[in-house]
Amino acid sequence: MSAAPGLFVTFEGGEGAGKSTQIRLLAAALRERGLTVLMTREPGGSKGAEAVRHVLLSGAAEAYGIRMEAILFAAARSDHVEQVIRPALSKGTVVLCDRFMDSSRVYQGITGNLEQSFIEALERVAVNGVVPDCTIIFDLPAAVGLERARKRSAGPDEQPDRFEKEELQTHEKRREAFLDIAEREPLRCRVVDATKAQEAIAAEVLAIIEPLLPIKAHGRSDAEHIS
Ligand SMILES: Nc1ncnc2c1ncn2[C@@H]1O[C@H](COP(=O)(O)OP(=O)(O)OP(=O)(O)O)[C@@H](O)[C@H]1O
Ligand SMILES: [Mg+2]
């Protein structure tokens, strides 16, 4: 748990699991309750990190190896944390982030075959103490998620990104890796069945986050009122 007055929630899971859909629905529900909400995403979310995002998702860094990619992800995360996430949390904002450190553990660590100590070291410097209060892991069969992502990307200019292009087996391995994280860190992580209807998932997500709000974000409303 961070000591900041805000609340830091991350959304994790494979391609097409519904992270971006649910982050929007949760942001709307929390704003309706009068909370200050910041929606952000990785890679990216800050000026410096958005500059690196294209290099990563286009596959431009792939030729230089997985270590290079992992370090670039960490560089982007560090900028995002220090420029955007930490300042928002310190002001009492509810920060909802689409992918964060668990995606690095899974994509570069598990399916990238990078040694755990390397990933852990990068995570430590990039996150620099800003650990999510809650991580929601959207779980569904990889084939279902990829099919959803494929349909979504049916437009003429939309191409699958560097990671979407990988084999089904790799995506299944990632699913297992996310579930392993949830099992190892049950206090931080909650797994949601992402095959359900959007509205049912949204209600479940809100039910997970609501009990965390009075302790953290509501304190902020009072502080705002005084100032
Ligand atoms: N519960 C659901 N049932 C069916 N379709 C869904 C559901 N949630 C989202 N979708 C649809 O699936 C597609 C992928 O959803 P979304 O973009 O939210 O996933 P994502 O996890 O953000 O994917 P990515 O990792 O590729 O960014 C979208 O077209 C969305 O409308
Ligand atoms: Mg998305």
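**Q** A description of the packing of aromatic side chains should follow, citing residues and the corresponding values.
**A** Throughout the structure, instances matching the rule amount to 2 aromatic pairs. Between Phe 8 and Phe 100, the aromatic rings sit 5.1 Å apart at their centres with planes inclined by 80°, giving edge-to-face as the arrangement. On the criterion of sequence distance, the pair formed by Phe 8 in strand 1 (residues 7–13) and Phe 100 in the loop between strand 3 (94–98) and helix 4 (101–110) is long-range, its members being 92 residues apart. When the centroid spacing of 5.7 Å and the interplanar angle of 15° are considered together, the rings of Phe 11 and Phe 138 count as stacked. Placement of the pair is Phe 11 in strand 1 and Phe 138 in strand 4 (residues 134–139), with a sequence separation of 127 residues. By relative accessible area, Phe 138 is classed as buried at 3%. Sitting over the ring of Phe 118, Arg 67 keeps its end group 4.2 Å from the ring centre. When the ring centre of Phe 100 is taken as origin, the NZ or CZ atom of Arg 77, which lies over that ring, is 5.3 Å away.

**Q** So, the packing of helix 4 against helix 5 (residues 116–127): which residues are in play, and what are the values?
**A** Where helix 4 meets helix 5, the axes come as close as 11 Å, and the angle between the chain directions of the two elements is 155°. Classified by the angle their axes make, helix 4 and helix 5 are roughly antiparallel. Judged by the sense of rotation from one axis to the other, the crossing of helix 4 with helix 5 is right-handed. Note on element contacts: helix 5 touches helix 4 through Ile 119, Glu 123 and Val 127, opposite Met 101, Ser 104, Arg 105, Gln 108 and Gly 109. A breakdown of the residues in the contact of helix 4 with helix 5 according to their chemical character gives 3 nonpolar, 3 polar and 2 charged.

**Q** Give me the site of ligand 1: which residues, what numbers.
**A** Around ligand 1 sit 17 residues in total, of which Lys 19, Ser 20, Thr 21, Arg 152 and Lys 196 are the nearest. Ala 17 has a polar backbone atom sitting 3.1 Å from an oxygen atom of ligand 1. Between an oxygen atom of ligand 1 and a side-chain N or O atom of Arg 152, the distance comes to 2.7 Å. When ligand 1 sits alone it has 630 Å² of accessible area, and the protein chains cover 75% of it. Going through the elements one at a time, helix 1 (19–32), helix 6 (142–152) and helix 8 (198–209) are the ones with two or more residues in the shell around ligand 1. Sort the elements by how many residues they give to the shell around ligand 1 and helix 1 lands first, with 3 residues. Partitioned by chemical class, the residues of the shell around ligand 1 number 4 nonpolar, 6 polar and 7 charged.

**Q** Which residues make up helix 4, and what are the values?
**A** Of all 10 residues that make up helix 4, 9 are buried, and the element is covered over most of its length. Among the residues of helix 4, those classed as buried are Met 101, Asp 102, Ser 103, Ser 104, Arg 105, Val 106, Tyr 107, Gln 108 and Gly 109.

**Q** Got a sec to walk through the sheet that holds strand 5 (residues 189–193)? Specific residues and values, please.
**A** One open sheet holds the 5 strands; their spatial order is 2-3-1-4-5, and the pairing between them is parallel. Only two strands of the sheet have a single partner each, and these edge strands are strand 2 (37–41) and strand 5. Neighbour-to-neighbour, the strand axes of this sheet turn through a mean angle of 20°, independent of strand direction. Judged from the 5 bridges that link them, strand 1 and strand 3 form a sheet pairing that is parallel. The residue of strand 3 that forms the bridge with Leu 7 is Val 94.

Rules behind the numbers
- Residue positions are given per chain, counted from 1 along the sequence in the order it is written.
- Just so you know, chain letters begin at A and ligand numbers begin at 1, following the order they were written in.
- Under the rules for a predicted model, residues below a pLDDT of 70 receive no local features and side-chain atom pairs below 80 are neither given nor counted, while totals for whole chains, interfaces and linings still include all residues.
- In computing side-chain properties, one takes all heavy atoms of the structure into account and sets aside hydrogens as well as water.
- When two rings of Phe, Tyr or Trp (its six-membered ring) have centres within 6.5 Å they constitute a pair, described as stacked for plane angles under 30 degrees, edge-to-face for angles over 60, and tilted for the intermediate range.
- Every helix listed is a DSSP run of H or I at least four residues long, and every strand listed is a run of E at least two residues long, numbered separately from the N terminus.
- Exposure is judged per residue with a 1.4 Å probe applied to protein chains only, and the accessible area is read against the type maximum: over 50% gives exposed, under 20% gives buried, and values in between give partly exposed.
- Lysine NZ or arginine CZ positioned within 6 Å of the ring centre and within 35 degrees of the ring normal marks a charge as sitting over the ring.
- Where helices are involved, their axes are fitted lines through C-alpha atoms of the stretch in contact, as for all axes, and angles between N-to-C directions lie from 0 to 180°.
- In what follows, roughly perpendicular refers to angles from 65 to 115 degrees, roughly parallel to angles under 35, roughly antiparallel to angles over 145, and oblique to any angle outside these ranges.
- The sense of a crossing depends on the near helix, which, turned anticlockwise from the far helix by less than a right angle, makes the crossing left-handed and, turned clockwise, makes it right-handed.
- Contacts are assigned to residue pairs with any non-hydrogen atoms lying within 4.5 Å of each other.
- Only Asp, Glu, Lys and Arg are considered charged in this grouping, and only Ala, Val, Leu, Ile, Met, Phe, Trp, Tyr, Cys and Pro are considered nonpolar; every other residue, Gly among them, is considered polar.
- When we say a residue is near a molecule or strand, we mean one of its heavy atoms is within 4 Å of it.
- Any pair of nitrogen or oxygen atoms within 3.5 Å is treated as a polar contact; in protein, a donor-acceptor pairing is required on top of that, and neighbouring residues in sequence qualify only through side-chain atoms on both sides.
- Only the protein chains shown count as cover for residues, with accessible areas throughout obtained via the Shrake-Rupley method and a probe of 1.4 Å.
- Whether two strands pair depends on DSSP finding at least two bridges between them.

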